[in-house]
Each structure stands twice: as structure tokens, then as C-alpha cells.
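Coordinate inspection notes
Letter by letter, the chains look like this.
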Amino acid sequence: MNSVLPNMGARMGVKIEGDDRISNRRSDLQYAVESRFYPEEQLIPMGHWEKILAYVSENAPKELLYPVYGDLETIEFFNPIPIILDTTNAAFTTSVFIKDDQLNIGTINGAYYEYVIRSNSAAKHKGSNNAISQVFQIVGETFILDMGNIHPNDQAIGSLSKADESGVFIPILRGLQRPVFMLYEDLDNDGQQEIVVCEYGNYTGQLSIFKYTDQKWVKEVLLNLPGTLKVMVQDMNFDGQKDLVVLTAQAREGLWILTQTSPLNFSSEQVITLPAAFGSSGFDMIDLNQDGLQDVAIVNGDNADLSMVTKPYHGLTLFQNMGKNQFKEISFTAIPGATNVVSSDFDQDGTTDFVVSSFFDDQEMAPGHSLVYLTAEQGNYDHLNIYKLPLSDKGKWLVLSKGDYDRDGDDDFAVGSFLFSAGRSPVNLLEIFGYDSPDVMLYENTSVN
């Protein structure tokens, strides 16, 4: 609470003794100050602020109440395949993408690997100079999204590059504000692709669309909010036009639907509102009950901010689409530090299953929860059975991707390891895992074999 309240006060222009967000103009806050994220004038009377302090002090719980996580059984039909790209650098994988028999892998130092699974061979390229947040191939082209600075910041130094015929990456977009995800999609079906970028930022940020006009990319801001994490394309209202579904973090957390009302014009509505301390980190869309409406799976577990204790409200939440942009929570499964989720009928039984990775896991309180498989019995999503994956203790899983690499009709998945410990008392993970720990773990689905 000691770190949260000064930040809350600064957002309302309250100057607090010992806090320099407003008075000293810290250099790391220059973008927040310029955007008036921290206003120079006080927005509330001091008496109101004192009442807020008193309310929080009187009502904040003295301790967190945790569920019983319990020991997990291991799911048996996923075959783990460790992938070590080199043994001279620690595993710092920041992006992984499955494309047919190939993994496209990005790292914190801008290296890009094309790893052919069947031949166990990797070609290394220099993709950028910074952490690669996304690398993928689409329509025969290879794209790399460069975050700029991976740490929380508002600098507009990220970029999007595309490989030319010789394999050299040429920037096509510059000045992106800590971009973490992008789409390359013909949204209005006119034959020209658009680019949608989640510029996560920190105090400021946005969801942006880039339209190719007069031989150049022209930017328009769709959501003027920091913390845009991921965007998916779906016709949510069945009018034949592609809409955008967006997950946001950073205070105004939740799910947004951007409805395409006319070609490349969107109206936005927040359809799921989540607590500001929720720590949203990923989502997926699925039709759980086969009613034609897209339901939503959201994971929350970001634990690298103001309070780094394990939180009992971190995990996987399923929301049922009730129609007309109304969503109802139908289940919650506690998973400390949950970071990413992919969904599929992995075991081919006719119901949707989930794989969740946890970067901020707690192996003392919840052993085995760093990489888990969740399934519903007979389509009952009110309660999910949870299992751990084999060899899930061999990495620190930051990124997750699914795909049928062996083309046998069931989805496989891959997780990327990032050996960094975020916490009040960081652990030397290199001493634990070593240089020869997997950069990526590929899980082959053997359920139909």
C-alpha cells in the first residue's frame, strides 16, 4: 500500500512528501508529465484525499486469503521437445511463432531464429537491435516487431520491420511506443492490408491502425490508452465486417470491442471491466457452448509492478458471450502469475481445453503451476480440471504459441523461456537453469496417435 497510494495521489495532482513524481520531474516520467498523466494542479480537495487514505487504511485486508493449490498430476499425451539454440547465452526468448514445420523465435537482443523442427536445425539472423516482441510469417512475408526498450517506459523508439528478398529486415514503421503485438490484416476487404499495433507504452500508449495511402503508412489512434496487450479480429455482430477485440492493462483493464461501422471506422466499447490491480496479461477467443457467439478466456498474473506478492486472484477466467456485447463470468481457476493462454480441443473430445503459462509462478505455494493444461468434463466449464506439463520446471515461460506443426490434425504448442526473476529479492535463475537450459520447449500433441 505504501507504494500504491503515492502513485494514486500523483494521478490526482496530490504532492506527497517523499514522492517525486510531480515535484522533481524524474527523467523516466518525462512522457507522463508531457501528456499530463500527472497533472500539475491538484484535482481534489485535500480533505477528500485524506478520506481516501483513511478508507483504504481501515478497509484493506490485513492478509491475503489463498486457495489450496495442491499438487498436480502430469498430463501424459504431450511429448516435450527441448530446443537449445546455443549454450553460450542464457535463454532470453521474447517471441515464438509456429509456422508449419518451423518455429520463428525472437530474443531480447534482437536475434531471430528460423528453427526447422524435423531436422533440428536453426538459422540465426539479426532481426533488430532490441527485444523482439513478435515475429511471424504471413502472406509469404516475414515481420519483426521491435519493442525498443523492453522495460516499462514511454519512449517511441519501437519499430516494425519486414524482410526484403535478400532476408534483410527493413523498417516500415518507426516511432512506435513500446509495441508488444500487431496484426497484418485486410480489415475492409479492399485487397490492401492494414497494420494494427498494440503500443503498450507505460503511462501512455495506444492501439493504432496504419493505412497504406499514397505510397506511405498513415497512422490513426483507435484507443488512446496505455497497456494495450493483444488484438484479435472477429465479426462480433454478424454484419459481415471485421471488428477488433482488444485486451488492455495499466489501470483501465478489461476487454474492448471496436466495431467497424464503415470501412476502417470503428466505435469502441469496453465490454469487460476488470480491477485496476488485476494484472491482465493475455486472452483468447473460443465458442465454448457452440452457440455461434465468441466467448473469452482471460489470464491475469502480471506481478512486476508495485506489489510483488503472490496474489490469490491471479489465474484463468472464462467469460460467456450473452449477445449484444454482454459477457458473464462463468468460471475462475487460480494460477499464480498466469501470463498467456491458448485454447483448442487438444485431446479431440469435442470440448475446448486450455494451456496456460505462468511467468510469475510461485513454486513454493503452487508447485507445478508454471505451465498447466486445463480441461472441462463433459463440456462443463464451471469447473476445470488442471494438470501440469512434463518438464515444465525446465524454464521460465514468458511466451506461448500454438499450431499443428506435424499436420496430424491436433494442435501442438511451444513456450519460450526468459531467465529473469522479477521480485523484491531476485533469484539468480542462471545458477538454477544454466546456459544449456531450453530456449524453447515444443510440446508435441500425441492424443490422436
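Preceding this paragraph is the structure being described.
Now for a description of the structure that goes with this document.

Reading guide: rules and limits
Residues numbered from 1 in each chain as written. Predicted model: local features only at pLDDT ≥ 70, side-chain atom pairs only at ≥ 80, totals over all residues. Heavy atoms only, no water. Pairing = 2+ DSSP bridges. Helix = DSSP H or I, 4+ residues; strand = E, 2+ residues; numbered from the N terminus. Axes fitted to C-alpha atoms, helices over the stretch in contact; angles between N-to-C directions. Phe/Tyr/Trp six-rings, centres within 6.5 Å; stacked < 30°, edge-to-face > 60°. Buried < 20%, exposed > 50% of the residue type's maximum accessible area, 1.4 Å probe, protein only. Lys NZ or Arg CZ within 6 Å of the ring centre and 35° of its normal.

1. Let's talk about the sheet that holds strand S21 (residues 326–334)
- Taking strand neighbours across the sheet as the criterion, the 4 strands line up as S18-S19-S20-S21 in an open arrangement whose pairing is antiparallel. Looking at which strands have only one partner, the edges of the open sheet turn out to be strand S18 (280–286) and S21. Each neighbouring strand pair of the sheet contributes to a mean axis angle of 20 degrees, computed without reference to strand direction.
- In terms of strand pairing, S18 meets strand S19 (residues 295–300) through 6 bridges, oriented antiparallel. In the sheet register, Asp284 faces S19, and the bridge partner there is Ala297.

2. Description of the packing of aromatic side chains
- Under the defined criterion, the tally for this structure stands at 17 aromatic pairs.
- Summarising the aromatic geometry, the rings of Phe92 and Phe418 are spaced 5.0 Å apart at their centres and angled 70 degrees between planes, so their arrangement reads as edge-to-face. Of this pair, Phe92 sits in the loop between strand S1 (78–83) and strand S2 (93–99) while Phe418 is found in the loop between strand S27 (412–417) and helix H4 (429–433), placing the two residues 326 residues apart along the sequence.
- Note on Phe136 and Phe143: the rings are 5.7 Å apart at their centroids and 25 degrees apart in plane angle, and the pair reads as stacked.
- For Phe136, a relative accessible area of 7% corresponds to the buried category.
- Its relative accessible area of 1% is what places Phe143 among the buried residues.
- Chaining the aromatic ring pairs together yields one cluster made of Phe77, Phe78, Phe346, Tyr373, Phe413 and Tyr443.
- In this structure, Lys396 packs its charged tip against the face of Phe359, placed 5.6 Å from the ring centre.

3. Points about the pairing of strand S23 (residues 353–358)
- Burial within S23 is extensive, with 6 of its 6 residues counted as buried.
- In terms of strand pairing, strand S22 (residues 338–344) meets S23 through 6 bridges, oriented antiparallel. Looking across to S23, one finds that Asn340 is bridged to Ser357.
- Where S23 lies against strand S24 (residues 371–377), 5 bridges are found, and the strand directions are antiparallel.

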